Amino acid sequence: MQPDLHQKQQQGIDVAVLVSIGRHPTTGRARRAEQDARGLELALAIEAELPGTRISMLHAGSQDDSSEAALRGYLGMATGVGMGLESMTLLEQPEGSDAIPALAAHLAATSPQLVITGARAERGEGSGLLPYALAEHLGWPLVNSLASVEKVENGVVTLLQALPRGQRRRLKVRLPAIISVDEAAPVARQSAFGPARRATFAITPTTPEADSELAQWHLAPARKRPKRLKIVKAASARDRFKAAAKSEGKGGQVLADVTPEQGAEAIYKLLKEEDVLR
């Protein structure tokens, strides 16, 4: 996040960070979700640059030993002086419930100015549709693939959005808004054990709604799938320059006035070169 001289005159904003239970890719154990942790890191950067900012964390789900340990991984991230993450709001609902109605109702009641969430969950459906569903319920604008927050001024937030091939796009969005982050956002800091253990959970009862669509699914272990086309989302300027140079050097092929067979053959050749087809 880039410092701005005018921010010192601005009042802080209310930021709500939505967090979920992650899954370790090797062991399968519960942990803090990588993208949600990056979202909290972004909120802490806003708090450091904009004094008076109030951060609240929100999780919808059940509470047990494994989930509590994973959630405390978020609570231990604020270790500096004045960084207060002493508690987390837990919208308690049983396994298999739909989290969107509970989250939308709570956000509508508390009215934060900025909502930050990860782009995709590591457990459950993992469809990445939650930010879009919340934006539709609340009627708020949504910006995905956020890289950084540059400035908050007069109810307008200036954002830097990550694009494929390491490119960046600057956007101005009027608050309230929802933003989602992925691997292009800053890496989350480590969690401190002491603050994580001292923090508490503010349990809020909800009226759970069963996820009828999820109940109809058949869940099975994932199988190895064909390789996807690589999309570069570089974090540093050096990586972005390398990605742009590689893209320009590699060039491309423009097909005009060709038969469908020739077009299909060119697409098939590209997929073979990218190891999508073997």
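Residues numbered from 1 in each chain as written. Predicted model: local features only at pLDDT ≥ 70, side-chain atom pairs only at ≥ 80, totals over all residues. Heavy atoms only, no water.

Asker: Is there a simple way to think about the overall build of the protein chain in this case?
Answerer: Across its full length, the protein chain holds eight helices and 11 strands. By the burial criterion, 38% of the 278 residues in the protein chain qualify as buried. In the protein chain, 74% of the contacts between residues at least 6 apart in sequence involve partners at least 24 apart. For the protein chain, the accessible surface area stands at approximately 16,700 Å², while carbon and sulfur atoms represent 51% of it. (Helix = DSSP H or I, 4+ residues; strand = E, 2+ residues; numbered from the N terminus. Buried < 20%, exposed > 50% of the residue type's maximum accessible area, 1.4 Å probe, protein only. Contact = heavy atoms within 4.5 Å. Areas by Shrake-Rupley, 256 points an atom, 1.4 Å probe, with all protein chains shown as cover.)

Asker: Just to check I follow, could you spell out the pairing of strand 8 (residues 156–162) for this structure?
Answerer: On a regular strand, one side chain projects to one face of the sheet and the next to the other, so that they alternate. With seven of seven residues buried, strand 8 lies mostly within the body of the structure. Residues Val156, Thr158, Leu160 and Ala162 point to one face of strand 8 and Val157, Leu159 and Gln161 to the other, with burial holding for every one of them. Alignment of strand 7 (residues 142–153) against strand 8, held across six bridges, turns out to be antiparallel. Of the residues in strand 8, the one forming a bridge with Lys151 is Thr158. Between the end of strand 7 and the start of strand 8, which pair antiparallel, lie two residues, with Asn154 showing a positive phi angle near 55°. (Pairing = 2+ DSSP bridges.)

Asker: I'm lost on the side chain of Arg32 in this one. Help?
Answerer: Position of Arg32 relative to the elements: it lies in strand 3 (residues 30–32). Although Arg32 lies buried, it forms no salt bridge, and the closest oppositely charged side chain, Glu34, sits 5.7 Å away as judged by the N-O distance. At a separation of 2.8 Å, a polar atom in the side chain of Arg32 contacts the main-chain carbonyl oxygen of Arg189. In contact with Arg32, other than residues within four places in its own chain, are Gly22, Ala37, Ala70, Gly73, Tyr74, Met77, Ala188, Arg189, Gln190 and Ser191. (Lys, Arg positive; Asp, Glu negative; His and termini not counted. Salt bridge = Lys/Arg side-chain N within 4 Å of Asp/Glu carboxyl O. Polar contact = N/O pair within 3.5 Å; in protein donor to acceptor, adjacent residues only side chain to side chain.)

Asker: Looking at this structure, how should I read the environment of Gln35?
Answerer: Here Gln35 is to be found in helix 1 (residues 34–49). The spatial distance from the C-alpha of Gln35 to the C-alpha of Ala188 is 8.6 Å, given a sequence separation of 153 residues. For Gln35, the residues in contact, after removing those within four places along its chain, are Gly118, Ala119, Arg120, Val181, Asp182 and Glu183. A polar contact of 3.3 Å, which involves the side chain of Gln35, links it to the side chain of Glu183.

Asker: I keep staring at unusual backbone geometry and nothing clicks. Help me out?
Answerer: Excluding glycine, residues mostly have negative phi values, and the peptide bonds linking residues are mostly trans. For the peptide bond that leads from Leu175 to Pro176, omega is 0°, which places it in the cis range. In this structure, Pro176 sits in the loop between strand 9 (168–174) and strand 10 (177–181). Look at Ser111: it is not a glycine, yet its phi comes out positive at around 55°. Among the secondary structure elements, Ser111 is positioned in the loop between helix 3 (99–110) and strand 6 (114–118). Under the relative-accessibility criterion, Ser111 is labelled partly exposed at 44%.

Asker: What should I look at first to understand the pattern of salt bridges in this one?
Answerer: Scanning the model with the defined rule gives seven salt bridges in all. Put simply, Arg38 and Glu34 hold a salt bridge, and the shortest N to O gap is 3.0 Å. Pair noted here: Arg38 and Glu34 are both in helix 1, with a separation of four residues, about one helical turn. Here Arg38 falls in the buried class, since its relative accessible area comes to 9%. Here Arg72 ties to Glu68 by a salt bridge, and the two come within 3.0 Å at their closest N and O atoms. Of the two residues, Arg72 and Glu68 are both situated in helix 2 (residues 65–75); the distance of four residues between them amounts to about one turn of the helix.

Asker: Would you explain helix 4 (residues 130–138) in this entry?
Answerer: Buried within helix 4 we find Pro131, Ala133, Leu134, Ala135 and Leu138. Along its buried surface, helix 4 packs onto strand 1 (14–18), helix 3, strand 6, strand 7 and strand 10. Immediately beyond the C-terminal end of helix 4, within one or two residues, lies Gly139, with a positive phi of roughly 75°.

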